[in-house]
Amino acid sequence: MRVLMLILDGLGDKQYKLLRNKTPLEFARAPNLKKMGELGETGLMFTLGPGIIPGSDTAHLALFGYDPLEYYQGRGVYEALGAGIKLKPSDVAFRVNFATVKNGKIVDRRAGRNGFGLDELAEEINGWKIKNVKIIFKHTVEHRAVLVLRGKNLSKAVSDTDPHREGVPPRKPEPLDKSKNAKLTSNILQTFLEKANKLLENHTINKKRKRRGLLPANTLLVRGAGQYHRIPSIKELYGITATGIAGGALYKGVARFVGMDVLEVPGATGDKNTNLHAKAEAAVNAKTDIVFLHVKATDSFSHDHDYKGKSKFIEKVDKELVPRIMKEFDIVFVSGDHTTLSSIGQHTADPLPLLIYGDESLIRRDLGKFSERYATLGQYRIFGLDVLPILLSKIGILGKYGE
Ligand code: ZN
Ligand code: ZN
């Protein structure tokens, strides 16, 4: 028996007047998701716990059955693994945004979410040496990139330079403890950023971007320093095989980290233009016990305060992806990794709706629906860490405890 975990990133939201007081999920014309919700089991999930605002990385660890308190190693690690970089335990990895500054202040933390020319910029930076430290630098999707410092005596105890808001200058990296290694690493990072920002400032790529009406990618913001060490795989921990399908590097990275077989699906871009047909097809053809299928754009629309766009995109998922997977899996789990409120453009700790759909013999139908508010009539009130055991139990992989 096979399980599909469909994660629509940042799915949870709130009601908006312009959506006739419905949430983006409730407002979407999504007959397939609606049907699955009505025939399936529903409820609400706190991915990490009440009051804890999940990051996408920690939230996905929990959904895969890994307690983030025990296994989390810093966002940079997952971004780098997802970008296909083979990390050594002595490396320090960071998530990077190409961003736009004007008169020293950040005007867009994501350089308009546009990746034009960024591969080329990244290639120029990749391979630099700062003192004895090698720079590995790779552009991934939209404005996102990965930085790995490779050398001796490096530390992950370095602060973010991304202030996580606009209208202020980027921060300087600071050591987060008193060790020599933290000081060394923050110095190297500072030297690197000065050199990189100088390169970006007047680069021909940025002149081209401006001519196309795009924001210049004239600074780098780094965050989420992490160091990698191997953990037990999902096979070792749960005795199951698993496939990961995603466009964004972070999600591929977390999937790879727990030992999933990560597929490179052509056209899976991690943005609103992603090829949902191709992702559904790849999921159907995967032969593992569990298939994790990630869709990112729901979260991006929320970060951009576009609740209508989010609702429309849910309709697109319902039309282009859901019909293909509905009947192919014994159990289909649909939810998100956290709530992202479009009103404030940020993740919040609010619980989000989930649905479990499958063969009638495995499902106890609920009164609830797949909706933030109707989910309150459903049977589940769970944490992210509960999801995998519930799904494995449905397909008979988790056995009886006692006689
Ligand atoms: Zn997320
Ligand atoms: Zn997000």
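A. Broad picture of the packing of helix α3 (residues 56-63) against helix α10 (residues 249-257). At a minimum axis separation of 10 Å, α3 and α10 run at an interaxial angle of 40 degrees. It follows that α3 is oblique to α10 by the angle criterion. Handedness of the crossing formed by α3 with α10: right-handed. Contact with α3, carried on its side by Ser56, Asp57, His60 and Leu61, involves Leu250, Tyr251, Val254 and Phe257 of α10 and no other residues of that element. Grouping the amino acids of the contact of α3 with α10 by side-chain chemistry returns five nonpolar, two polar and one charged.

B. Seen up close, the nonpolar core. Phe64 and Ile356 are the most contacted members of the largest nonpolar core, which totals 49 residues. Looking at which domains feed residues into this core, each of domain 1 (3-70 + 230-394) and domain 2 (80-226) supplies at least three. Residue contacts for Ile356: discarding those within four places in its chain leaves Gly40, Glu41, Ile331, Val332, Phe333, Ile363, Tyr380, Ile390, Leu391 and Lys394. Residues Leu4, Ala282, Phe313 and Ile325 belong to the second largest nonpolar core, which totals 37 residues.

C. View of the side chain of Ser56. Along the chain, Ser56 falls in helix α3. Here His338 takes part through its side chain, which lies 3.3 Å from a polar atom of the side chain of Ser56. Beyond its immediate stretch of four places on either side in the chain, Ser56 contacts Asp9, Leu250, Tyr251, Asp337, His338 and His347.

D. Spotlight on the coordination of the zinc ion (ligand 2). Taken together, Asp299 (OD), Asp299 (OD), His303 (NE2) and His347 (NE2) make up the protein donors of the zinc ion (ligand 2), found 2.0 to 2.7 Å from the metal. Classification of the site at the zinc ion (ligand 2) as irregular follows from its four donor atoms and the range of 53 to 145 degrees in their angles at the metal. Within one chain, the residues donating to the zinc ion (ligand 2) are spaced in sequence as D-x3-H-x43-H. Separating the zinc ion (ligand 2) and the zinc ion (ligand 1) is a distance of 4.4 Å. Taken as a pair, His303 in helix α12 (residues 297-303) and His347 in strand β14 (residues 346-348) lie far apart in primary sequence, 44 residues in all. By the burial criterion, His303 is buried, and His347 matches it.

E. Focus on the sheet that holds strand β12 (residues 331-335). What the eight strands build is an open sheet, ordered β10-β9-β11-β1-β12-β15-β2-β16; its pairing is mixed. The open sheet is flanked by β10 (261-263) and β16 (380-383), the only strands paired with a single partner. Direction aside, neighbouring strands of the sheet carry axes that sit 20 degrees apart on average.

F. A look at the pattern of salt bridges. In this structure the tally under the stated criterion is 20 salt bridges. A salt bridge links Lys394 to Glu41, with the shortest nitrogen-to-oxygen separation between them at 2.9 Å. Remark: Glu41 occurs in strand β2 (residues 41-46) and Lys394 occurs in helix α15 (residues 384-394); sequence separation between them is 353 residues. We note a salt bridge from Arg150 to Asp91, for which the minimum N-O separation is 2.7 Å. With Arg150 in strand β7 (residues 144-150) and Asp91 in the loop between α5 (75-82) and β3 (92-102), this pair connects stretches of sequence that are 59 residues apart. When sorted by exposure, Arg150 lands in the same class as Asp91, which is buried. Sharing partners across several salt bridges, the network here consists of Arg113, Glu142, Arg144 and Asp304.

Conventions we followed
- Residues numbered from 1 in each chain as written.
- Chains lettered and ligands numbered in written order.
- Predicted model: local features only at pLDDT ≥ 70, side-chain atom pairs only at ≥ 80, totals over all residues.
- Heavy atoms only, no water.
- Axes fitted to C-alpha atoms, helices over the stretch in contact; angles between N-to-C directions.
- Helix = DSSP H or I, 4+ residues; strand = E, 2+ residues; numbered from the N terminus.
- Parallel < 35°, antiparallel > 145°, perpendicular 65-115°, else oblique.
- Left-handed = near helix turned anticlockwise from the far one by under 90°.
- Contact = heavy atoms within 4.5 Å.
- Nonpolar A, V, L, I, M, F, W, Y, C, P; charged D, E, K, R; others polar.
- Core = buried A, V, L, I, M, F, W, Y, C linked by side-chain atoms within 4.5 Å.
- Buried < 20%, exposed > 50% of the residue type's maximum accessible area, 1.4 Å probe, protein only.
- Domains from an automatic or database assignment.
- Polar contact = N/O pair within 3.5 Å; in protein donor to acceptor, adjacent residues only side chain to side chain.
- Donors = N, O, S within 2.8 Å, 3.2 Å for Na, K, Ca; no water.
- Tetrahedral: all angles 85-135°; square planar, octahedral: opposite > 155°, others 65-115°.
- Pairing = 2+ DSSP bridges.
- Salt bridge = Lys/Arg side-chain N within 4 Å of Asp/Glu carboxyl O.

Note that all results are geometric; they support no functional claim without further evidence.
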